[in-house]
Structures are given as C-alpha cells and as structure tokens.
Amino acid sequence: SQTIHQWPATLVQPVGSPLSLECTVEGTSNPNLYWYRQAAGRGLQLLFYSVGIGQISSEVPQNLSASRPQDRQFILSSKKLLLSDSGFYLCAWSGWTGRMNTEAFFGQGTRLTVV
Amino acid sequence: GNSVTQMEGPVTLSEEAFLTINCTYTATGYPSLFWYVQYPGEGLQLLLKATKADDKGSNKGFEATYRKETTSFHLEKGSVQVSDSAVYFCALSDGVDNNNDMRFGAGTRLTVKP
C-alpha cells in the first residue's frame, strides 16, 4: 500500500534562517506531488506541484522553492524565512490512472512557526 | 484557470440537524470532484468523490452529486453528529491530461453542538 511521510511535525525557526521540509512517498511510482500551505483560519493554498523528477510548477511567487531530486521525494526550501511564512504545510501525492488523476493523499503536515 | 468556490463558514449546527455545504467549480476540461475533511491538527482525508457528471459520491452518511449543468458539488448530510466537527474542503482535479494540479476551496469549518 502507498504511504506518505512528511517531517518534521513541528518546527520553530528564527526569521532569516533557512528551511528544508521533506516529503517522501512509498508504494507508488511517478506520483504527482504537491506542497500546500494553510495559514491560520484560512484555506489551502497550492504552492508547488510536480509531475516528474525536476519538473516543478510554482503557483505563488514568494521566497519558497521546491525540488524533486528523486521520483518520490519532494522538498520545500527557503534561504531566509519571513514571519509571514508561518503556517501549516501539507505535502500530498496523487496518481494517474491513464485517464484521470486519482484523489490526493496527504501527509500529516508540518506546523512551522517563524519567530 | 480551474477554481473552486465553497460556502464560507463557520457553520454551527445542533446534533441531528441537516447539513449543506455549497461548492461550485470552474474548469476547462472534465474534472473529478472531491470532498476532503480535516480534523484538528491533522492532514486532509478524502471523504468522497465523483469522477463524472451525475455521479453521486457517498461516505459516512455524507453525499454529494456531480452537477455539470450547475457546475456544483454540494455536500449534504441528513443528521450530523458532534464527531463531524471539522473543516471540509471541496476540490477538483482536471482529468484531461496529467499535468494538472489539485485545486481546493477555502474550506468550511463545521461545529456540531450536542
């Protein structure tokens, strides 16, 4: 069966420090991968998605970046965090049936607090 | 581009009340539609889905029907329970090809009181 791992679960970082959140998927190949951010009391904002290794689509220009160095690994990074980067970050994956995308499967999320 | 608009919350209901959360979508292709639920401090879980027009998704007493003519996928439950308190997200995935993202609505927070 497929599983998705996302870590760390919580993170407190000072303003200006770098960020690296990692997400890995097991039990499937060539998944679509997604990073979302959920700010307090707000909805889900799509940050990045990837349909293959090295292929990253960015939805919102900001000081975050994403990389996909391996088929089932998706990394969210920042060189210098801002206070406004605080939020709940969710990684997800979906599959392709050959005709349509499957539903998305989510990790447990990382709560990032920038202080 | 593709988008989802859902009813703003928060929604507060008494136990056993009827629930409707409205969701409409805009898509250029033939999307699949989903409802996800998020319990406090957790990631999102799929609640139900529908992949083509007139399909009805159902799970745990919740239902939603894919209405292409009104571009809607409203979530309903006949009798809510306290345990249904959560945030509900409507979402779509355009199934035309495999270079599409998964779009979510803003989420609707439901609180059910005993």
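Above this text is the structure in question.
Since we're looking at a predicted model, the values are computed, not measured.

Chemist: Please explain the overall build of chain A as it appears in this structure.
Modeler: Counting secondary structure elements, chain A contains zero helices and eleven strands. Taking 115 residues into account, the globule formula puts the C-alpha radius of gyration at 13 Å, and chain A, at 14 Å, falls close to it. Total accessible area on chain A stands at roughly 5,400 Å², and carbon and sulfur atoms take up 52% of it. Averaging the coordinates of the 8 positive side-chain charges in chain A and doing the same for the 6 negative ones gives two points 7 Å apart.

Chemist: Even after reading the chapter, I still don't get the overall build of chain B, so can you show me in this structure?
Modeler: Within chain B one finds zero helices and twelve strands. Scaling as 2.2 N^0.38, a compact globule of 114 residues should have a C-alpha radius of gyration of about 13 Å, and chain B matches this with 14 Å. Total accessible area on chain B is roughly 5,300 Å²; 46% of this is exposed by carbon and sulfur atoms. Positive and negative charge centroids in chain B, built from 10 and 13 side chains respectively, lie 1 Å apart.

Chemist: What is the right way to read the sheet that holds strand S7 (residues 64-70) of chain A from this model?
Modeler: Whether parallel or antiparallel, the strands of a sheet pair through hydrogen bonds between backbone atoms. All names here are of chain A. With respect to topology, four strands assemble into an open sheet ordered S1-S3-S8-S7, the strand pairing being antiparallel. On the outer flanks of this sheet lie strand S1 (3-7) and S7, each paired with one strand and no other. Neighbour-to-neighbour, the strand axes of the sheet open up by a mean angle of 15 degrees, direction not taken into account. Alignment of S7 against strand S8 (residues 73-78), held across five bridges, turns out to be antiparallel.

Chemist: When you look at the sheet that holds strand S8 (residues 62-65) of chain B in this model, what are you seeing that I'm missing?
Modeler: All names here are of chain B. Ordered in space as S3-S9-S8-S7, the four strands form an open sheet in which the pairing is antiparallel. Edge positions in the sheet fall to strand S3 (19-21) and strand S7 (56-59), since each has one partner strand and no second. For this sheet, the mean inter-axis angle between neighbouring strands, taken without regard to orientation, is 15 degrees. Across three bridges, the pairing between S8 and strand S9 (residues 75-77) is antiparallel. Across the sheet, Phe 62 pairs through a bridge with Lys 77, a residue of S9.

Chemist: Where do I start with the pairing of strand S2 (residues 11-14) of chain B in this structure?
Modeler: Working note: regular strand, side chains alternate between the two faces of the sheet. All names here are of chain B. Burial along S2 is one-sided: the residues Val 11 and Leu 13 are buried and none of Thr 12 and Ser 14 is. Here S2 pairs with strand S12 (residues 108-113) via four bridges, running parallel. Residue pairing across strands places Ser 14 opposite Lys 113, the latter belonging to S12.

Chemist: Help me understand the interface of chain B and chain A, please; the structure alone is not making it clear to me.
Modeler: It is common to report an interface's size as the accessible area lost on association of the parts. Taken together, the 26 residues of chain B in the interface contact 24 residues of chain A. Of the roughly 1,900 Å² buried between chain B and chain A on both sides combined, carbon and sulfur atoms contribute 52%. Taking the shortest distance from any N to any O, the salt bridge between Glu 103 of chain A and Lys 49 of chain B comes out at 2.8 Å. Where the side of chain B that touches chain A is concerned, the elements lending two or more residues are strand S5 (31-38), strand S6 (44-50), strand S10 (86-94) and strand S11 (102-104) of chain B. Top element by residues in the side of chain B that touches chain A is S5 of chain B. It accounts for four residues. Of the residues that constitute the side of chain B that touches chain A, the class distribution is nine nonpolar, eleven polar and six charged.

Reading the values: the criteria
- Residues numbered from 1 in each chain as written.
- Chains lettered and ligands numbered in written order.
- Predicted model: local features only at pLDDT ≥ 70, side-chain atom pairs only at ≥ 80, totals over all residues.
- Heavy atoms only, no water.
- Helix = DSSP H or I, 4+ residues; strand = E, 2+ residues; numbered from the N terminus.
- Rg over C-alpha atoms; globule rule 2.2 N^0.38 Å.
- Areas by Shrake-Rupley, 256 points an atom, 1.4 Å probe, with all protein chains shown as cover.
- Lys, Arg positive; Asp, Glu negative; His and termini not counted.
- Charge placed at Lys NZ, Arg CZ, Asp CG, Glu CD.
- Pairing = 2+ DSSP bridges.
- Axes fitted to C-alpha atoms, helices over the stretch in contact; angles between N-to-C directions.
- Buried < 20%, exposed > 50% of the residue type's maximum accessible area, 1.4 Å probe, protein only.
- Contact = heavy atoms within 4.5 Å.
- Buried area = accessible area lost by both parts, 1.4 Å probe.
- Salt bridge = Lys/Arg side-chain N within 4 Å of Asp/Glu carboxyl O.
- Nonpolar A, V, L, I, M, F, W, Y, C, P; charged D, E, K, R; others polar.

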